[in-house]
Number of protein chains: 2
Amino acid sequence: MSEPRLVEVRRNVLKQNDVIARALREQFRGAGVFVVSLVSSPGSGKTTFLEKMLTQLQPQFRVAALVGDLATENDAVRLARSKAPVKQITTGTLCHLEAAMVQNALQDWKLELDFLFIENVGNLVCPSSYDLGENLRLVLLSVTEGEDKPLKYPTIFNSADVAVVTKTDLADAVEFNWDAAQRSVQSVRPGMRIFRLSAKTGAGMNEFQSFLSQKLAEHRSVAQI
Amino acid sequence: MSEPRLVEVRRNVLKQNDVIARALREQFRGAGVFVVSLVSSPGSGKTTFLEKMLTQLQPQFRVAALVGDLATENDAVRLARSKAPVKQITTGTLCHLEAAMVQNALQDWKLELDFLFIENVGNLVCPSSYDLGENLRLVLLSVTEGEDKPLKYPTIFNSADVAVVTKTDLADAVEFNWDAAQRSVQSVRPGMRIFRLSAKTGAGMNEFQSFLSQKLAEHRSVAQI
């Protein structure tokens, strides 16, 4: 008896989320800000990547970040080292961010930005169903997690736009099989672009920055039409 | 409006889960089997650890495993290399195992076992609230995920009995800070026992096996009273 009710309630929550996500997306488009969300398993290196990327983008771009976690403000503290404006969203026991949390966090912010990053709660399941109004969703996968994660968590890889393989400096130590990883991603999301980088050594970071710059330019040219 | 309804429905689902978990625990006690569940983030090394542990225990003990995943039977295939009986539970989009799934998977199995292992879906949030009737819950944390995970996912560390730090062969490469990890665990779950091991090199595996043997002996002596 409880199963159909639960499904029904979930559907309503999702519908409401989609309405808010659509409003956010309009707001982002109006402000000309390109919004990138990050999803991954805990410990895949989202925060380290983001701290480096915020630092690297700042001479040229106006950037900011929202970061979700169940508990602690650790990630906001780490990201703030980049000198970019950062806000923590604490979700309690909720395993994902929702559009309303993003809307709420942005209430007292002026969106005079080029890039807004939203780091989701570390989870390869829950965040997949929640649209946050973002323009680009990155799914991160560290070489230490194994090549099969896309096959085991297909929904989140399917809901993402781009895959980023992180901690490539450890690839040899863990005998990471690039061909197997490539096959896993492509079988779940054919044609998905895959970046390889190490926030520690900096390898691949410039290539990713170029990709983001290009995406921002495309976004603004579309927004002006 | 939808929030209280969702909470209410969740409570019912959990209550039903607890009833089944209690029945399972009774069944396990009657059969004299010691049940160990494993929770962790995706890619922390649950399957590798379990494959090695099943192999290592078999000369002396009767062992079997259930393994949960959203999709694929990859883990069951890997665990079956240990020659132990293994069954995959595929959860679809559900981010955790429930007691009813365990009950269902065990229906055609005779519980003539010393140890039954239950590998949960890779997730540091959802599995924490679901009792599976296990006697011991292990939370695994790989050195590559960072020392702060207990602080960021306190509920799952709090719901577990023992912590296992995995992939210790990579500790130097990732500059893992043992003191910080120890402090994180202890601040969330004071007094929690922490094992350090590498399924790759075998370091710490014998110590863990001794711990399990001792737990089994204790379990049986209590069951007989």
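Here's what I pulled together on the structure shown here. Nothing here was measured: the structure is a model prediction, and the numbers come from that model.

### Observations concerning the overall build of chain A
And step 1. Within chain A, the secondary structure is distributed over eight helices and seven strands.
And step 2. In terms of overall dimensions, chain A has C-alpha extents of about 50 × 45 × 40 Å along its principal axes.
And step 3. Expressed as a percentage of its 225 residues, the buried residues of chain A come to 56%.
And step 4. At a minimum sequence separation of 6, the contacts of chain A that also span at least 24 residues come to 73%.
And step 5. Summing over all exposed atoms, chain A offers an accessible surface of approximately 9500 Å²; the carbon and sulfur share of this is 50%.
And step 6. Computed over 26 positive and 25 negative side-chain charges, the inter-centroid distance for chain A is 2 Å.

### Description of the side chain of Ser82 of chain A
Residue and element names in this part refer to chain A.
And step 1. Its place among the elements puts Ser82 in the loop between α3 (74-80) and β3 (86-90).
And step 2. On the accessibility criterion, Ser82 (3% relative accessible area) is buried.
And step 3. Every residue in contact with Ser82, bar those within four places of it in the chain, is listed here: Glu51, Leu54, Thr55 and Gln58.

### Observations concerning the interface of chain B and chain A
And step 1. Contacts between chain B and chain A engage 40 residues on the former and 41 residues on the latter.
And step 2. Counting the surface lost from both chain B and chain A, the interface buries some 3300 Å², and carbon and sulfur atoms represent 56% of this.
And step 3. If you look at where chain B meets chain A, you find six salt bridges.
And step 4. Asp75 of chain B is the salt-bridge partner of Lys152 of chain A, the closest N and O atoms lying 2.7 Å from each other.
And step 5. Our count for the chain B to chain A interface comes out at 15 residue pairs in polar contact (both at pLDDT 80 or more).
And step 6. Broken down by secondary-structure element, the contributors of at least two residues to the side of chain B that touches chain A are α1 (2-31), α3 (74-80), α5 (149-152) and α6 (154-159) of chain B.
And step 7. Here the side of chain B that touches chain A gets seven residues from one element, more than from any other, and that element is α1 of chain B.

### Overview of the pairing of strand β4 (residues 115-119) of chain B
Residue and element names in this part refer to chain B.
And step 1. Here β4 lies mainly inside the structure; five of its five residues are buried.
And step 2. The alternating pattern of β4 places Phe115, Phe117 and Glu119 and Leu116 and Ile118 on opposite faces, both of which are buried.
And step 3. Strand direction decides the pairing type here: strand β1 (residues 34-39) and β4, joined by five bridges, are parallel. Residue pairing for β4: Val35 is matched across the bridge by Leu116.

### Quick look at the sheet that holds strand β7 (residues 193-196) of chain A
What holds strands together in a sheet is hydrogen bonding between their backbones, with the strands either parallel or antiparallel.
Residues and elements named next belong to chain A.
And step 1. Spatially, seven strands are ordered β3-β2-β4-β1-β5-β6-β7 in an open sheet, and the strand pairing comes out parallel. The open sheet terminates on both sides in strands that have one partner only, identified here as β3 and β7. Strand after strand, the sheet turns through a mean of 20° between neighbouring axes, direction not considered.
And step 2. Inspection of the sheet shows strand β1 (residues 34-40) paired to strand β5 (residues 136-142) by five bridges, in the parallel sense. In the strand pairing of β5, Val36 is matched with Leu136.
And step 3. In the packing of helix α2 (residues 46-57) onto the sheet, the strands contacted are β1, β2 (63-69), β4 (115-119) and β5, and the crossing angle to β4 comes to about 170°.
And step 4. This element, helix α4 (residues 99-106), spans β2, β3 and β4 of the sheet and lies at about 140° to β3.

### A closer look at the sheet that holds strand β2 (residues 63-69) of chain B
All names here are of chain B.
And step 1. Read from one edge of the open sheet, seven strands run β3-β2-β4-β1-β5-β6-β7, paired in parallel fashion. Every interior strand has two partners, whereas the edge strands, β3 (86-90) and β7 (193-196), have only one. Sheet twist, expressed as the average angle between the axes of neighbouring strands with direction ignored, equals 20°.
And step 2. Sheet topology places β2 next to β3; five bridges connect them, and they run parallel. If you follow Asp69 over to β3, its bridge partner there is Thr90.
And step 3. Along the sheet, helix α4 (residues 99-106) contacts β2, β3 and β4; its crossing angle with β3, the most-contacted strand, is approximately 140°.

### Here's the deal with the state of the cysteines
Two cysteines form a disulfide when their sulfur atoms are joined by a covalent bond.
Residue and element names in this part refer to chain A.
And step 1. Going through the model one piece at a time under the given rule, you end up with two disulfides over all chains.
And step 2. Here Cys95 connects covalently by a disulfide to Cys126, the sulfurs 2.3 Å from one another. On the sign convention where negative is left-handed, the bridge of Cys95 and Cys126, at about -100° about the S-S bond, is left-handed. Pair noted here: Cys95 is in the loop between β3 and α4 and Cys126 is in the loop between β4 and β5, with a separation of 31 residues, a long-range link.

### Some remarks on the relation of the copies chain B and chain A
And step 1. You can overlay chain B on chain A at an RMSD of 0.0 Å; the transform is a turn of 180° with a shift of 0.0 Å along its axis. Expressed as an axis order, the relation between the two copies is that of a two-fold axis.
And step 2. Mapped onto chain A, 100% of the interface residues of chain B again fall at the interface, so both copies present the same surface.

Basis of the calculations
Residues numbered from 1 in each chain as written. Chains lettered and ligands numbered in written order. Predicted model: local features only at pLDDT ≥ 70, side-chain atom pairs only at ≥ 80, totals over all residues. Heavy atoms only, no water. Helix = DSSP H or I, 4+ residues; strand = E, 2+ residues; numbered from the N terminus. Buried < 20%, exposed > 50% of the residue type's maximum accessible area, 1.4 Å probe, protein only. Contact = heavy atoms within 4.5 Å. Areas by Shrake-Rupley, 256 points an atom, 1.4 Å probe, with all protein chains shown as cover. Lys, Arg positive; Asp, Glu negative; His and termini not counted. Charge placed at Lys NZ, Arg CZ, Asp CG, Glu CD. Buried area = accessible area lost by both parts, 1.4 Å probe. Salt bridge = Lys/Arg side-chain N within 4 Å of Asp/Glu carboxyl O. Polar contact = N/O pair within 3.5 Å; in protein donor to acceptor, adjacent residues only side chain to side chain. Pairing = 2+ DSSP bridges. Axes fitted to C-alpha atoms, helices over the stretch in contact; angles between N-to-C directions. Disulfide = S-S within 2.5 Å. Least-squares fit on C-alpha atoms with pLDDT ≥ 70 in both.

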